[in-house]
Amino acid sequence: MATEDIKIENKPSFKTAASYFDSKNNGNKKKTWKSLKQIISSEKTLPWPEGTVLYSSINAPPSFRPPEKFSDLSGLPALYTDPATRLRYANKEEYATILDLPMDITAGYLALRGASSIVG
Amino acid sequence: MDLLEFKDQKPEPDMFHSYTPLRNSTTPIIIDNGSYQCRVGWATNSEPLFVFKNLVAKLRKERYKKDNVESSQVPLLQVGNDIINIEAVRFQLKSQFDKNIVTHFEAQEQLFDYTFSHLGIDTETIAHPIVLTEAFANPNSSRQYMSELLFECYNVPGISYGIDSLFGRYYTEPEQENALIVSLGHHTCHIIPVLEHRAVFENVRRLNTGGQHIITFLHKILQLKYPAHSTSITLSRAEELLHSICEVTLNYKEELMRWLDSDYYEQNIKKIQLPYANTVTSSLTLEQQKERKKELARRLTEINARKREERLAEDEDKLTQLLHIQEMFEVGVVGEELENALAEFQIKNSNDLQKNIGNLNMRIVKTKMKIKSAKFAEEAEEPPVKQPKTNKMVFETEKDMNEYLQNAKKMVSCCDYYKNFNNFFFSQRQEILNRKTLRKQRKQDMAKRRTAAGQERMRIISQLARKEKGNDDFGLRDEDWDIYKTISKDGGDTDSDAENEKLVALDETIREYEPNELEEVNPGETYQLHVGIERYRAPELLFKPYMSGSSEAGLSEVIAYVLSLFKPSDQLLLAANVIIIGSLSSLRGLKERLLSDLISVRPFQSKVSVTVAKSPGLTAWLGAKKWTEHPEFEKKLLTREMYDEFGPEYFLMQPFSNLYCKTPNGQTIDVEAV
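Residues numbered from 1 in each chain as written. Chains lettered and ligands numbered in written order. Predicted model: local features only at pLDDT ≥ 70, side-chain atom pairs only at ≥ 80, totals over all residues. Heavy atoms only, no water.

## A word on the interface of chain A and chain B
Moving on, step 1. The partner chain B presents 74 residues to the 57 residues of chain A that form the contact.
Moving on, step 2. Taken over both partners, the interface formed by chain A and chain B buries close to 5,600 Å², and the fraction arising from carbon and sulfur atoms is 61%.
Moving on, step 3. It is Phe14(A), Phe21(A) and Tyr55(A) in chain A that bury the most area against chain B; as a group they hold 14% of the surface buried on that side.
Moving on, step 4. In this assembly, chain A and chain B are joined by four salt bridges.
Moving on, step 5. Between Glu109(B) and Lys15(A) there is a salt bridge; the shortest N-O distance is 2.7 Å.
Moving on, step 6. If you look at where chain A meets chain B, you find 22 residue pairs in polar contact (both at pLDDT 80 or more).
Moving on, step 7. Those elements giving two or more residues to the side of chain A that touches chain B turn out to be helix H2 (36-45), helix H3 (92-100) and helix H4 (103-113) of chain A.
Moving on, step 8. By residue number, the principal contributor to the side of chain A that touches chain B is H4(A), which donates five residues.
Moving on, step 9. Residues that form the side of chain A that touches chain B fall into these classes: 30 nonpolar, 15 polar and twelve charged. (Contact = heavy atoms within 4.5 Å. Buried area = accessible area lost by both parts, 1.4 Å probe. Salt bridge = Lys/Arg side-chain N within 4 Å of Asp/Glu carboxyl O. Polar contact = N/O pair within 3.5 Å; in protein donor to acceptor, adjacent residues only side chain to side chain. Helix = DSSP H or I, 4+ residues; strand = E, 2+ residues; numbered from the N terminus. Nonpolar A, V, L, I, M, F, W, Y, C, P; charged D, E, K, R; others polar.)

So this is what it looks like as structure tokens:
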């Protein structure tokens, strides 16, 4: 009760409701929040006329060039991959550091490169 | 090389502007609603009145502070520039944006409240038309909610939606018919071809990498490089670094090759000092710790002594009582008094009584002894403490060496001794370290299958496991058992505690006499970030999204792709006028890089030009302002009547807006039944 009073007091004069889109206060309005992904996928399923430009249709194309390999640690061009951690490295000094790296750091580097999934 | 420091700039809270000059007018309000910043101003202003980050921080009401007066003064909802320290509320931050699309209208509403109240509006409704920017190909459902919010909640008279990049072009180059807009945003980048003042919608492409990705990428690599400082490397600091030292390089590969040279590295590395509190050196704290321990021990002994004395008094008291009973026995008192006394001590007969008295006597004697010995111990404990602890680690010749050392320090001529002494320590230290690394190496080799050591181990194990009937004499000799030592993973010996202790002690002595030899760095240096290749690596993400696992093409590749969608004559027109807008375009070297990449994909000697818009972050707002001055503006306003008539997703198209496509089948996404 007390909180409602405060909210009413806080309502700026130019608004019709203190919080129009607050899901808790609006009993009659059912608004389920949708993420962008959901919005896009539901948009895709509709029968749009030919040539309509949708959010999902202007995505950049995939890269046609082979990705270069860079060392995860330094960013230098990497010639080698450590089979144990799957980290890329450029020289033996970096390899020596890789051997000492704790698991969470190696996992962090892999996740940064987007290579943490088992399949990829 | 001078040290850089973080400025950690705090935003200044926006002031509440006065509404008076514009009261009762219909001056449009221009809101450039970007996923990074929101820029707001009246159409009569020459530039936005205020700019704030599109963020809301909803602080949790802490339960224990519920009744506290102070807590009620701190607003639970902080919006935009009211958020003084973003890092403190990082986990409570909310934005209305999901990528570059507004999906979270609760937050949008709070931000609109902030916007309108800071404009000073205090009337019943917002009596001004709104010009609002939105993303390219903004989904109908998002726009529909936006219209609903503005019409139903704020009662605005009219709305005009436009695309920020198109407004930006309108402001920068209104007279140019054709352009290729490269709009670099916080979450996304757009490549928008414009022919004869019209955006070619079907050939627009969006790259889902933006400034925010660069910042998080930089943040992450620095955190992984300096795990010890991961908490002091914050996102806002990464952002600051991006703007202060990051650059786009013309040729990334060549730049990397340059960094292989250690001289180049030394010259170009940027050192950044993290704030740190100068802590007291470790030796002092060690002393203090010892002191504290001693103090604690003393207090404990005191407590024990007091307890003992108390027990002693108690026992003596009991003894006198028992003696009294004994006396009564002896005198031959019979009656209630005796009975009571016996019951109290749970004594059945005189034998029991004797035993009890004996026990008590014994106990008293023991306690007295203990008290005495404790007192002695306390006295005895004092003297050995005076000896310095370092002497514990004694080489037999240490005392002599100490003397040598003193002499050496006084007289340079005695340098030899000193050197010998040092060498002795260093060689010992090195020996231990070598042994340690050797062990580590062996352990690693053993753990892996394909090393010689590992295979040898497997061979021995399989031999041991083989069962041979008959002449098995294993174990007859003691040496047989040593084989188990060789196959254990740490090869029989581990880093023993004794060795570790010795190493620590050696370090200590060396540090004492030769402070410079061990890398005893000044404490500030461990709080420095060395940012080298990262300066170029982070912005390179725009051109190589695969560095963070995205499969999309890079910026230059997408530009080339968009151009390839046109016929050659149009390609010429577009490539001749490439404009970069968006706040990210202030990155150094970006223009040159785009130009060089573009030239490499264009036909020989064809005209290519790349320009960066002036004040690239504000172009969208300024373009929108220019639109309000256009004669068509009034006609292209979406009014409340149209909203009621044509449904919430309807809007009027204008040269800078998205295309209106009615959602098919008459079914609108998520229209609630009233």
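So, next bit.
## Brief notes about the nonpolar core
Residue and element names in this part refer to chain B.
Moving on, step 1. Membership of the largest hydrophobic core comes to 70 residues, with the highest contact counts inside it found for Leu555 and Ile559.
Moving on, step 2. A per-element tally of this core places helix H5 (residues 211-225) first, with seven residues.
Moving on, step 3. Those residues in contact with Ile559 that sit more than four places away from it in its chain are Leu180, Val182, Ile191, Leu594 and Leu598.
Moving on, step 4. The next biggest cluster of nonpolar side chains, apart from the first, holds 42 residues, and it includes Phe50, Val102, Leu149 and Tyr161. (Core = buried A, V, L, I, M, F, W, Y, C linked by side-chain atoms within 4.5 Å. Buried < 20%, exposed > 50% of the residue type's maximum accessible area, 1.4 Å probe, protein only.)

## Here we look at the pairing of strand S10 (residues 130-134) of chain B
Side chains on a regular strand alternate between the two faces of the sheet.
Residue and element names in this part refer to chain B.
Moving on, step 1. The buried fraction of S10 is high, at five of five residues.
Moving on, step 2. Here S10 shows two buried faces, one formed by Ile130, Leu132 and Glu134 and the other by Val131 and Thr133.
Moving on, step 3. Two strands pair when backbone bridges link them, and strand S2 (residues 29-33) and S10 are joined in this way by three bridges, in the parallel orientation. By the bridge assignment, Ile30 is partnered in S10 with Val131.
Moving on, step 4. Strand direction decides the pairing type here: S10 and strand S11 (residues 158-163), joined by five bridges, are parallel. Across the sheet, residue Leu132 finds its bridge partner in S11, namely Tyr161. (Pairing = 2+ DSSP bridges.)

## What to know about a nonpolar patch on the surface
Residues and elements named next belong to chain B.
Moving on, step 1. On the surface, Phe474, Trp481 and Tyr484 cluster together into a nonpolar patch covering about 310 Å² of accessible area.
Moving on, step 2. Checked against the element boundaries, Phe474 lands in the loop between helix H14 (452-465) and helix H15 (482-487).
Moving on, step 3. Since its relative accessible area comes to 33%, Phe474 is described here as partly exposed. (Patch = residues over 30% accessible without salt bridge, like charges linked within 9 Å, V, L, I, M, F, W, Y side chains within 5 Å. Areas by Shrake-Rupley, 256 points an atom, 1.4 Å probe, with all protein chains shown as cover.)

## Notes on helix H20 (residues 590-601) of chain B
Residue and element names in this part refer to chain B.
Moving on, step 1. Under the 1.5 Å per step criterion, the end-to-end length of H20 is 17 Å for twelve residues, consistent within 8% with the ideal 16 Å.
Moving on, step 2. Turning to H20, its buried residues are Leu590, Arg593, Leu594, Asp597 and Leu598. The buried residues of H20 occupy an angular sector of 125 degrees when projected down its axis, which confines them to one face.
Moving on, step 3. For H20, the elements touching its buried residues are strand S12 (179-184), helix H17 (534-540), helix H18 (555-564), helix H19 (568-575), strand S18 (578-581) and strand S19 (610-612). (Expected span 1.5 Å × (residues − 1). Arc of directions from axis to C-beta.)

## Regarding the pattern of salt bridges
Moving on, step 1. Under the definition given, this model contains 30 salt bridges over all chains.
Moving on, step 2. A salt bridge links Arg39(B) to Asp32(B), with the shortest nitrogen-to-oxygen separation between them at 2.8 Å. Accessibility classification places Arg39(B) together with Asp32(B) in one group, the buried group.
Moving on, step 3. Among the salt bridges present, the one from Glu431(B) reaches Arg435(B), with a minimum N-O distance of 3.6 Å. With Glu431(B) and Arg435(B) both in helix H13 (residues 415-447), this residue pair falls four residues apart, about one helical turn.
Moving on, step 4. For Arg435(B), a relative accessible area of 35% corresponds to the partly exposed category.
Moving on, step 5. Connected via shared salt-bridge partners are Glu68(A), Lys253(B), Glu540(B), Lys544(B), Arg593(B) and Asp597(B).

## As for the environment of Ile510(B)
Residue and element names in this part refer to chain B.
Moving on, step 1. With respect to the helices and strands, the residue Ile510 is situated in helix H16 (residues 497-513).
Moving on, step 2. Take Ile510: its relative accessible area is 1%, and that puts it in the buried class.
Moving on, step 3. Between the alpha carbons of Ile510 and Phe426 there is a distance of 8.0 Å; along the sequence they are 84 residues apart.

## Things to note about the UniProt feature "coiled-coil region" (unreviewed entry) in chain B
Moving on, step 1. The UniProt record annotates "coiled-coil region" (unreviewed entry) at residues 286-313 of chain B.
Moving on, step 2. Taken as a whole, residues 286-313 of chain B contains 100% helix and 0% strand, while its terminal C-alpha atoms sit 41 Å from one another. (UniProt positions renumbered as here; feature names shortened; annotations may be inferred.)

## Thoughts on unusual backbone geometry
If a residue is not glycine, its phi is most likely negative; likewise, a peptide bond is most likely trans.
Residue and element names in this part refer to chain B.
Moving on, step 1. Even without glycine at this site, Glu196 takes up a positive phi of about 50 degrees.
Moving on, step 2. For Glu196, the location among the structural elements is in the loop between strand S13 (189-195) and strand S14 (198-199).
Moving on, step 3. Within the chain, Ser615 stands out as a residue other than glycine whose phi angle is a positive 35 degrees.
Moving on, step 4. Checked against the element boundaries, Ser615 lands in the loop between S19 and helix H21 (619-628).
Moving on, step 5. Owing to a relative accessible area of 39%, Ser615 belongs among the partly exposed residues under this scheme.

## Some thoughts on the UniProt feature "domain: Vps72/YL1 C-terminal" (unreviewed entry) in chain A
Moving on, step 1. In the numbering used here, UniProt assigns the "domain: Vps72/YL1 C-terminal" (unreviewed entry) feature to residues 69-98 of chain A.
Moving on, step 2. Helix makes up 23% of residues 69-98 of chain A and strand 13%, and the two end C-alpha atoms of the span are 17 Å apart.

## Quick word on a negative patch on the surface
Residue and element names in this part refer to chain B.
Moving on, step 1. A contiguous patch of negative charge, built from Glu309, Glu310, Glu314 and Asp317, is present on the exposed surface.
Moving on, step 2. For Asp317, the position within the fold is in helix H9 (residues 282-331).
Moving on, step 3. Taking relative accessible area as the criterion, Asp317 reaches 48% and is therefore assigned partly exposed. (Lys, Arg positive; Asp, Glu negative; His and termini not counted. Charge placed at Lys NZ, Arg CZ, Asp CG, Glu CD.)

## What to know about the pairing of S13(B)
All names here are of chain B.
Moving on, step 1. Counting buried residues in S13 gives seven out of seven residues, a clear majority hidden from the surface.
Moving on, step 2. Going residue by residue along S13, you find Cys189, Ile191, Pro193 and Leu195 tucked away on one face and His190, Ile192 and Val194 tucked away on the opposite face as well.
Moving on, step 3. One ladder, built from six bridges, connects S12 with S13; its direction is antiparallel. Looking at S13, one finds that Ala179 is bridged to Val194.
Moving on, step 4. Here three bridges tie S13 to strand S15 (residues 205-207), and the two strands are oriented antiparallel to one another. Note that in S15 the partner of Cys189 across the bridge is Leu207.

## Regarding the environment of Lys15(A)
Moving on, step 1. By secondary structure assignment, the location of Lys15(A) is in the loop between helix H1 (2-10) and H2.
Moving on, step 2. Contact partners of Lys15(A), with chain neighbours within four places excluded, come to Glu109(B), Asp113(B), Glu124(B), Cys153(B) and Tyr154(B).
Moving on, step 3. Of note is the side chain of Lys15(A), whose polar atom sits 2.7 Å from the side chain of Glu109(B).

## A few points about the confidence of the model for chain A
Moving on, step 1. Here chain A averages 81 in pLDDT, and 80% of its residues register 70 or above.
Moving on, step 2. Counting contacts from residues 1-9 of chain A, a segment whose pLDDT is below 50, to residues more than four positions away or on other chains yields three contacts. (pLDDT = per-residue confidence, 0-100.)

## Thoughts on a positive patch on the surface
Residue and element names in this part refer to chain B.
Moving on, step 1. A cluster of basic residues, Lys307, Arg311, Lys366 and Lys370, forms a positive patch at the surface.
Moving on, step 2. Sorting the residues of the positive patch by element identifies H9 and helix H11 (350-385) as the ones contributing at least two each.
Moving on, step 3. Its location among the elements puts Arg311 in helix H9.
Moving on, step 4. Arg311 gets classed as partly exposed once you look at its relative accessible area, which sits at 42%.

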